[in-house]
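Secondary and tertiary structure notes
One-letter residues, chain by chain:
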Amino acid sequence: MNKKEVREFIVVENKRLNKTNSLIRIKSQAELPKIMPGQFLNIDISNCKEIFLRRPFSVFEVDYANNIISILVKVLGRGSATLADIGTGEKLSAVFPLGKGFTMPDSNDKILLIGGGSGTAPMLFLAKESGLTPENVHILLGARSENDHIDISDYQQYGLIHYSTDDGSLGEKGFVTQHSVFQHNLKNFDKIYACGPDAMMKAVAKVAKEKNIFCEVSLENLMACGFGVCLCCIEPTTRGNLCVCTEGPVFNINELKWQI
Amino acid sequence: MNKKEVREFIVVENKRLNKTNSLIRIKSQAELPKIMPGQFLNIDISNCKEIFLRRPFSVFEVDYANNIISILVKVLGRGSATLADIGTGEKLSAVFPLGKGFTMPDSNDKILLIGGGSGTAPMLFLAKESGLTPENVHILLGARSENDHIDISDYQQYGLIHYSTDDGSLGEKGFVTQHSVFQHNLKNFDKIYACGPDAMMKAVAKVAKEKNIFCEVSLENLMACGFGVCLCCIEPTTRGNLCVCTEGPVFNINELKWQI
Amino acid sequence: MADLKVNIGNLELKNPVMTASGTSGFAEELNDFYDVSVLGAVLLKGITLKNRDGNPYPRMAETASGMLNAVGLQNKGVDYFIENIYPRIRKYQTNLIANINGSTVEDYIIVAEKVNELDDIAAVELNISCPNVKEGGMAFGISCPSAEAVTREVRNVCKKHLMVKLSPNVTDITEIAKAVEGQGADSVSLVNTFLGMAIDANKRKPLLSTVTGGLSGPAIKPIALRMVWQVHKAVKIPVVGMGGIMNATDAIEFMLAGASAVQVGTAIFKDPFIPVRIIEGINDYLNHHNFNAVADLIGNLEI
Amino acid sequence: MADLKVNIGNLELKNPVMTASGTSGFAEELNDFYDVSVLGAVLLKGITLKNRDGNPYPRMAETASGMLNAVGLQNKGVDYFIENIYPRIRKYQTNLIANINGSTVEDYIIVAEKVNELDDIAAVELNISCPNVKEGGMAFGISCPSAEAVTREVRNVCKKHLMVKLSPNVTDITEIAKAVEGQGADSVSLVNTFLGMAIDANKRKPLLSTVTGGLSGPAIKPIALRMVWQVHKAVKIPVVGMGGIMNATDAIEFMLAGASAVQVGTAIFKDPFIPVRIIEGINDYLNHHNFNAVADLIGNLEI
Ligand SMILES: Cc1cc2nc3c(=O)[nH]c(=O)nc-3n(C[C@H](O)[C@H](O)[C@H](O)COP(=O)(O)OP(=O)(O)OC[C@H]3O[C@@H](n4cnc5c(N)ncnc54)[C@H](O)[C@@H]3O)c2cc1C
Ligand SMILES: Cc1cc2nc3c(=O)[nH]c(=O)nc-3n(C[C@H](O)[C@H](O)[C@H](O)COP(=O)(O)OP(=O)(O)OC[C@H]3O[C@@H](n4cnc5c(N)ncnc54)[C@H](O)[C@@H]3O)c2cc1C
Ligand SMILES: Cc1cc2nc3c(=O)[nH]c(=O)nc-3n(C[C@H](O)[C@H](O)[C@H](O)COP(=O)(O)O)c2cc1C
Ligand SMILES: Cc1cc2nc3c(=O)[nH]c(=O)nc-3n(C[C@H](O)[C@H](O)[C@H](O)COP(=O)(O)O)c2cc1C
Ligand code: FES
Ligand code: FES
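For every chain, the first residue of the written sequence is number 1, and numbering continues from 1 along that sequence. Each chain gets a letter, beginning with A, and each ligand a number, beginning with 1, in the order they are written. Per-residue local features are limited, in this predicted model, to residues with pLDDT of at least 70; the limit for side-chain atom pairs, both in listing and counting, is 80 or more; totals at the level of whole chains, interfaces and linings are taken over all residues. Note that the side-chain values use all heavy atoms of the structure and ignore hydrogens as well as water.

1. Focus on the overall build of chain A
- Along its length, chain A carries 4 helices and 16 strands.
- Taking 18 Å as the expected radius of gyration for a compact globule of 260 residues, we find that chain A reaches 18 Å, a close match to that expectation.
- Each principal axis of the C-alpha atoms in chain A carries an extent, and together these give about 45 × 40 × 35 Å.
- Partitioning the intrachain contacts of chain A with sequence separation of at least 6 by distance along the chain shows that 62% fall at a separation of at least 24.
- All accessible areas in this document rest on Shrake-Rupley with a 1.4 Å probe, and a residue is counted as covered only by the protein chains that are shown. When the accessible surface of chain A is summed, it comes to about 10700 Å², and 47% of that surface belongs to carbon and sulfur atoms.
- As used throughout, the charge tally considers Lys and Arg to be positive and Asp and Glu to be negative, leaving His and the chain termini uncounted. By convention, the charge on Lys lies at NZ, on Arg at CZ, on Asp at CG and on Glu at CD. Charge centroids of chain A, computed over 28 positive and 29 negative side chains, lie 5 Å from each other. Starting at the N terminus, helices and strands are each numbered in turn, a helix being any DSSP run of H or I of at least four residues and a strand any DSSP run of E of at least two. C-alpha atoms define the radius of gyration, and 2.2 Å times the number of residues to the power 0.38 defines the globule rule. Should any heavy atoms of two residues lie within 4.5 Å, those residues are considered in contact.

What follows is the structure in structure tokens.
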């Protein structure tokens, strides 16, 4: 296994993408180790008085040339709100790289990436790193409304982008599982990957299981340590209770004991 | 007694005066009540994760026209260090005005103001507000070395400034009580006021007591509430244990039970 | 506006937010900031039979999300209170509750008898849990027989609502709660402070003159909440909850755990307006979650 | 470099900094960050006779300057440990200490006997203070007779240094400490977590699947420090202190209060390097204050 570290980064950019999402780029002095899509950082939000533990965030992008890691932060509570306000030039300590990444697709695979809410980052990172031609990568993002979506037109070079919104204000109306790509073309995909709200992942997993399509999901269980010592983040699996932070966050849906 | 308030101010200036002292100006939207020299604010240092309670700081200057209060912050520990780094535009909550001020001098009094360390602010405020002609106000500031003194040449309009330093790098060498003003001319003064380290105030009080000169000191006992409800800040006096935050911080030395 | 009234037995409160004893003086200090009549009740600073100077300075040490105090019940005695303080504060349109203390059972009895005569004192909080006095105090509150004895004797003389304040420094707080309930307590309030200690590593000395002191503030909230929940299940009399309440959410958690009302203590040192904001915040919560009355929250936790 | 060696009875430590059980896995996870041989000792995750799944998710809730956990001793049982984990970790050049647990006294005895056979386990920490299991656990540690019984029985079979880990959820921790000392404990370690609770006010549900859990972190430090001080004065065997230690100053405070060594727990979740920095910080403190040896700090508090 890779050595893990606690490293201090400097915030080099913090861009508000919409009402609740920010893109934060952090730079390290030293070289970065190889980071896989699905892996995450555990970040010390040091000037939030109300929180005590670190907060986990998926890696969204890695710029190895400049030693920069990007994350997408969705404001959910006290810690994420403070992080979303961090200033350029401020220091940020992260424990990384944590967790195991996604099973990378085979070179002739056609894949569907489904993201929602705070689960968008690992999906886009996987799209970029998949090494597949854009036609074989479909990215389906769900949100409540157009305003909740972030602009990801950059990712057209890595895949075909589909949107769904609860109110129909962008892309197709309804949940991601009601989207035409999902409804009609699911059998075309060799692998499905999903990250987002529990209900979304379960809805995806249910159909993937029925149709017997390979499907991995990335879980966001509450964490204390992030590196396997506290046993707080466990998920019941066919191999017993496993730590999401070390054995995950990515799991094949066939391993999970979800009631779906 | 004056009504007390919890008010939100905006930091309009933060100037580093020397290695450990900063001048911070905070502005209120609303009009300021009359504040007396010796009174203080209890400040919420909201982005210092390590501290829980507010921290008391004396009022250094009041600009009633612009609703601005100034304080002098000497870095001592975690809270004062964070406060000294506060940025312009940031919010700052203060409970104020707290405590009772100094007994104001009579119009024909000659007074000696002795300040050291974090006790400088109330002395300078008193010099300014005394209403006396500059010849009748002597300001004696003590510090370890020239670098620990702040530049107070502005205050020449309010009084005669004397310095003492432990190493003789500015003014006379030695403690404030060894300074020539103190040694030779003490009997000329009708009132002595002092604020600073305990040892300094006690040395001043000892001599004032011997020579039977009116002398008030401003204490800096540890405080939890700052407005008289916790009884943590008490000082033994001839009237029993009194709260420094409500019955002080200014006390006549004859009231105090100091072993001097 | 939701219905914020709660009853603690025969004690009626306009809302469930009280300020805790030793953290709100004799109500006057808070009244310098706002009209204390908005509060459900004010618990007065602990009083004893005779004048007490309290413990020497330093009496306070800050800790992570909390503080230690070793005030030691400084007060001028019950007679001074009756002659000099009570006449000034009796006008406040809120429930004033006397927090009574003693080194011996006899002390408690005499203070309780004197308080009987004060029409504008709504209730008595029997403090058997002060960790900062050498005699009496917490010693009464950490064993069932002594808690029973003092409660029984005070109950015999006390004509007012009798709230017994429990110490958290025990193996099983429900045993003590049941013991005082058995002796006629009208309600229990919990928790008082936890016995703690702080050290100045550089000076190699304790930070408090008394070495140990009482821990309060958000640090203790999870333990206090657990105790309130346990006691609520164990007794039939109303429970008044406290320990680290800083905002309306905290207060609501205590009520869901079974408290009929709450006391706000250390939070007042951070901001004397916190009790007022908690009242407003509870009202907002009730509206947002479609409750008509705050009383509907009491013990309303889905397990 | 000051002399950092300390002896806990017959147990020699290169320095007084251990990592606490349940917060440092089986040492391997920390070894991903740095060489664990720099540590005085590593307390291994609690083991039981049989496989335990632990409690359902969610098992964790953040609190002010602390956290609640309700892990419930998830582990694969002592045999799995011996066959699969011990062979991998025995190579670490630090004292590995097994934290043993049981639902019954017999459980404890069998686990202790099995651990006897493991040459590279330096000592046994007898956990009679886990608040997160239905049977056994804390129940053993909160009454003198049961604490005595389990200590006596394990002492009878245990050939290693026997450290007994005490629960803080008691009225008088010195009574329990004296009880286990009387039955042959070589040392005591304290404190385990405080029983606490957290509630989601919006959902009106407990945040932990088990309703209550164990509170750890800086929030509990003042209480833990007081208990270490009391126990140090009450017993002759060495005391190992813990509870909210985040930095070298905290660790030094525990040693001044009477701890011969310390354990670092929850702090590791914030930063796995904290134990290493504490070792460095203690060394700096000793140099700065002109102490030759860390052992000079133990109980060196001026009252
Ligand atoms: C492996 C992993 C990767 C993640 N990647 C991202 C990412 O790329 N971008 C992103 O925006 N978010 C991500 N998250 C979620 C992120 O960690 C949480 O949103 C954040 O911790 C919330 O902290 P807070 O202080 O703002 O919320 P709090 O104020 O602590 O809590 C607000 C609410 O959120 C819930 N909550 C708190 N922490 C978590 C958590 N870890 N998981 C689920 N619910 C939680 C609380 O129960 C509470 O209801 C990830 C989480 C995990 C475990
Ligand atoms: C009425 C009053 C007026 C004051 N006016 C000023 C002022 O104008 N300018 C100024 O710079 N300072 C002033 N002080 C002192 C100032 O409040 C403390 O320096 C500050 O609280 C230290 O906080 P900290 O978090 O930096 O220190 P901490 O990290 O909390 O402690 C560092 C060290 O300082 C000691 N300490 C902490 N608080 C106090 C305190 N209130 N009094 C004495 N020692 C303390 C601690 O015991 C510790 O040894 C005043 C204090 C009082 C009571
Ligand atoms: C400085 C201080 C003084 C206190 N004095 C008393 C007292 O006189 N009588 C009493 O019953 N409790 C006293 N307490 C305890 C509080 O009333 C309350 O029980 C405790 O602080 C826990 O609540 P909190 O965390 O909200 O402060 C005191 C607490 C503090 C911090
Ligand atoms: C997540 C977690 C798991 C724990 N598991 C154990 C355990 O298995 N055995 C044990 O004796 N103590 C266990 N503890 C208690 C710690 O060892 C320690 O006693 C306690 O956390 C106080 O120290 P701290 O504040 O430094 O964490 C656990 C604590 C935490 C936070
Ligand atoms: S978060 Fe600690 S084991 Fe996963
Ligand atoms: S600081 Fe609370 S009474 Fe003075």
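Picking up where we left off.
2. A look at the site of ligand 2
Residue and element names in this part refer to chain B.
- Consider each residue's heavy atoms; a residue with any of them within 4 Å of a molecule or strand counts as near. Every one of the 21 residues lining ligand 2 counts as a neighbour, but Pro 56, Lys 74, Gly 79, Ser 80 and Glu 220 are closest to it.
- Here Ser 58 contributes a backbone N or O atom positioned 3.0 Å from a nitrogen atom of ligand 2.
- At 2.4 Å, a side-chain N or O of Ser 80 approaches an oxygen atom of ligand 2.
- Listed by contribution, the elements that provide at least two residues to the shell around ligand 2 are strand E4 (55-58), strand E6 (68-74) and helix H1 (78-84).
- All the domain ranges listed were derived from an automatic or database domain assignment. Of the residues that make up the shell around ligand 2, three or more belong to each of domain 1 (5-98) and domain 2 (111-255). Pairing of N or O atoms within 3.5 Å defines a polar contact, subject to two protein rules: one partner must be a possible hydrogen donor and the other a possible acceptor, and residues neighboring in sequence count only if both atoms are side-chain atoms.

3. Some words on the interface of chain C and chain B
- Across the boundary between the two partners, chain C contributes 33 residues, which contact 27 residues of chain B.
- The junction of chain C with chain B conceals about 2600 Å² of combined surface from both sides, 61% of it contributed by carbon and sulfur atoms.
- Buried area: the accessible area, evaluated with a 1.4 Å probe, that two parts lose upon being put together, summed over both parts. In terms of surface lost to chain B, no three residues of chain C exceed Tyr 57, Glu 62 and Lys 270 of chain C, which account for 27% of the buried area on that side.
- Here, a salt bridge means any Lys or Arg side-chain nitrogen found within 4 Å of an Asp or Glu carboxyl oxygen. At the junction of chain C with chain B, the criterion picks out 4 salt bridges.
- Here Asp 32 of chain C makes a salt bridge to Lys 4 of chain B, at a shortest N to O gap of 3.6 Å.
- At the boundary of chain C with chain B, the tally comes to 12 residue pairs in polar contact (both at pLDDT 80 or more).
- When residue character is reported, Ala, Val, Leu, Ile, Met, Phe, Trp, Tyr, Cys and Pro are called nonpolar, Asp, Glu, Lys and Arg charged, and the others, Gly included, polar. A breakdown of the residues in the side of chain C that touches chain B according to their chemical character gives 13 nonpolar, 12 polar and 8 charged.

4. As for the relation of the copies chain D and chain C
- By a simple turn and slide, chain D fits onto chain C: the slide is 0.0 Å along the axis, the RMSD is 0.0 Å, and the turn is 180°. As the rotation angle and translation indicate, the two copies are arranged about a two-fold axis.
- A shared interface surface links the copies, since 100% of the contact residues of chain D are contact residues in chain C too. The least-squares superposition of copies is restricted to C-alpha atoms, and to residues with a pLDDT of at least 70 in both copies.

5. Side note on the sheet that holds strand E1 (residues 5-16) of chain A
Residue and element names in this part refer to chain A.
- For two strands to count as paired, DSSP must find a minimum of two bridges between them. Pairing is antiparallel in the open sheet, where 7 strands are placed in the order E4-E3-E7-E1-E2-E6-E5. Only two strands of the sheet have a single partner each, and these edge strands are strand E4 (55-58) and strand E5 (61-63). The average angle at which neighbouring strand axes cross in this sheet is 35°, direction not considered.
- For strand E2 (residues 21-27) and strand E6 (residues 68-74), the ladder comprises 7 bridges, and the chain directions are antiparallel. Paired with Ser 22 across the strands is Val 73, a residue of E6.
- To obtain each axis, a line is fitted to C-alpha atoms, and for helices this fit is confined to the stretch in contact; angles are then taken between N-to-C directions over 0 to 180 degrees. Relative to E5, helix H2 (residues 120-129) is tilted by about 55°, and along the sheet it contacts E4, E5 and E6.

6. Structural notes on the nonpolar core
- As used here, the term nonpolar core means buried Ala, Val, Leu, Ile, Met, Phe, Trp, Tyr and Cys residues forming a set that is joined through side-chain atoms within 4.5 Å. Here's how the labels work: a residue is buried when its accessible area is under 20% of the maximum for its type, exposed when over 50%, partly exposed in between, all with a 1.4 Å probe on protein chains only. The biggest cluster of nonpolar side chains holds 316 residues, and the ones touching the most others in it are Ile 100 of chain C together with Ile 100 of chain D.
- Residues within four places of Ile 100 of chain C in sequence aside, it is in contact with Ile 47, Tyr 108, Val 111, Ala 112, Val 115, Val 124, Glu 125, Leu 126, Asn 127 and Val 154 of chain C.

7. Observations concerning the interface of chain D and chain C
- Of the residues lining the interface, 42 residues belong to chain D; the matching set on chain C comes to 42 residues.
- Linking chain D with chain C are 2 salt bridges.
- Where Glu 302 of chain D meets Lys 205 of chain C, a salt bridge forms, and the shortest distance between an N and an O atom there is 3.8 Å.
- Taken together, the connections running from chain D to chain C amount to 14 residue pairs in polar contact (both at pLDDT 80 or more).
- When contributions to the side of chain D that touches chain C are tallied by element, the ones reaching two or more residues are strand E11 (194-197), strand E13 (205-206), strand E14 (212-216), helix H6 (221-234) and helix H7 (248-256) of chain D.
- Ranked by the residues each element gives to the side of chain D that touches chain C, the list is headed by H6 of chain D, at 6 residues.

8. Some remarks on the domain arrangement of chain A
All names here are of chain A.
- The domains assigned to chain A are domain 1 (5-98) and domain 2 (111-255).
- If you average the C-alpha positions of domain 1 and of domain 2, the two centres end up 21 Å apart.
- Summing both sides of the interface, domain 1 and domain 2 together bury roughly 1800 Å²; the carbon and sulfur share of this comes to 64%.
- In terms of surface lost to domain 2, no three residues of domain 1 exceed Pro 37, Phe 40 and Phe 60, which account for 26% of the buried area on that side.
- Across the contact surface, domain 1 and domain 2 share 2 salt bridges.
- With its nearest N and O atoms 3.5 Å apart, the salt bridge here joins Glu 129 to Lys 34.
- The tally of links from domain 1 across to domain 2 stands at 7 residue pairs in polar contact (both at pLDDT 80 or more).
- Of all elements in the fold, only strand E3 (40-44), E4, E5 and E6 reach the threshold of two or more residues within the side of domain 1 that touches domain 2.
- Here the side of domain 1 that touches domain 2 is composed, by residue class, of 12 nonpolar, 5 polar and 4 charged.

9. Some thoughts on the site of ligand 1
All names here are of chain A.
- In the vicinity of ligand 1, 20 residues are found, and the nearest of them are Pro 56, Leu 72, Lys 74, Gly 79 and Ser 80.
- Backbone polar atom of Pro 56 to an oxygen atom of ligand 1: 2.6 Å apart, as the coordinates give it.
- At 2.7 Å, a backbone N or O of Leu 72 approaches a nitrogen atom of ligand 1.
- For ligand 1, whose free accessible area comes to 860 Å², the fraction covered by protein is 82%.
- Only E4, E6 and helix H1 (78-84) provide two or more residues apiece to the shell around ligand 1.
- Broken down by element, the residue count for the shell around ligand 1 peaks at 4 residues, all from E4.
- The class makeup of the residues in the shell around ligand 1 is 10 nonpolar, 6 polar and 4 charged.
- Both domains that meet at the shell around ligand 1, namely domain 1 (5-98) and domain 2 (111-255), each give it at least three residues.

10. Regarding unusual backbone geometry
- In this structure, Pro 97 of chain B follows Phe 96 of chain B across a cis peptide bond, with omega equal to -15°.
- For the bond running from Tyr 57 of chain D to Pro 58 of chain D, omega is -5°, close enough to zero to count as cis.
- Phi angles above zero are rare outside glycine, and Ala 27 of chain D is one such case at about 75°.
- With respect to the secondary-structure elements, Ala 27 of chain D resides in the loop between strand E3 (17-19) and helix H1 (28-31).
- Taking relative accessible area as the criterion, Ala 27 of chain D reaches 0% and is therefore assigned buried.
- In this structure, Val 211 of chain D is a non-glycine residue whose phi angle is positive, near 70°.
- Looking at where Val 211 of chain D falls in the secondary structure, it is placed in the loop between E13 and E14.

11. Structural notes on the state of the cysteines
- Cysteine sulfur atoms are paired as a disulfide whenever they come within 2.5 Å of each other. In the structure shown here, the tally under the stated rule is 0 disulfides over all chains.
- For the unlinked cysteine Cys 144 of chain D, the closest cysteine sulfur is that of Cys 144 of chain C, found at 16 Å.
- Classification of Cys 144 of chain D by relative accessible area gives partly exposed; the value is 23%.

12. Remarks on the sheet that holds E14 of chain D
- Taking strand neighbours across the sheet as the criterion, the 4 strands line up as E5-E6-E14-E11 (chain D) in an open arrangement whose pairing is antiparallel. A single partner strand is all that each edge strand has here, and the edge strands are strand E5 (60-63) and E11 of chain D. Averaged over all pairs of adjacent strands, the angle between strand axes in this sheet comes to 40°, irrespective of strand direction.
- The sheet contact formed by E5 of chain D and strand E6 (residues 66-69) of chain D spans 4 bridges and is antiparallel. Looking at E6 of chain D, one finds that Glu 62 of chain D is bridged to Met 67 of chain D.
- Relative to E11 of chain D, helix H6 (residues 221-234) of chain C is tilted by about 75°, and along the sheet it contacts E5, E6, E11 and E14 of chain D.

13. Describing the pairing of strand E13 (residues 214-218) of chain B
Residues and elements named next belong to chain B.
- Among the 5 residues that make up E13, 4 are buried, leaving the element largely enclosed by the rest of the structure.
- With 5 bridges connecting them, strand E12 (residues 191-195) and E13 associate as parallel partners. Within E13, the residue paired with Ala 194 across the bridge is Val 217.
- A crossover gets the label right-handed when its path from the first strand over the helix to the second runs clockwise, viewed with the strands pointing away from the viewer. Regarding topology, helix H4 (residues 198-211) serves as the crossover connection from E12 to the parallel E13, and that connection is right-handed.
- Relative to strand E16 (residues 250-252), E13 runs antiparallel, the two sharing 3 bridges. Bridge pairing in E16 links Glu 216 to Asn 252.

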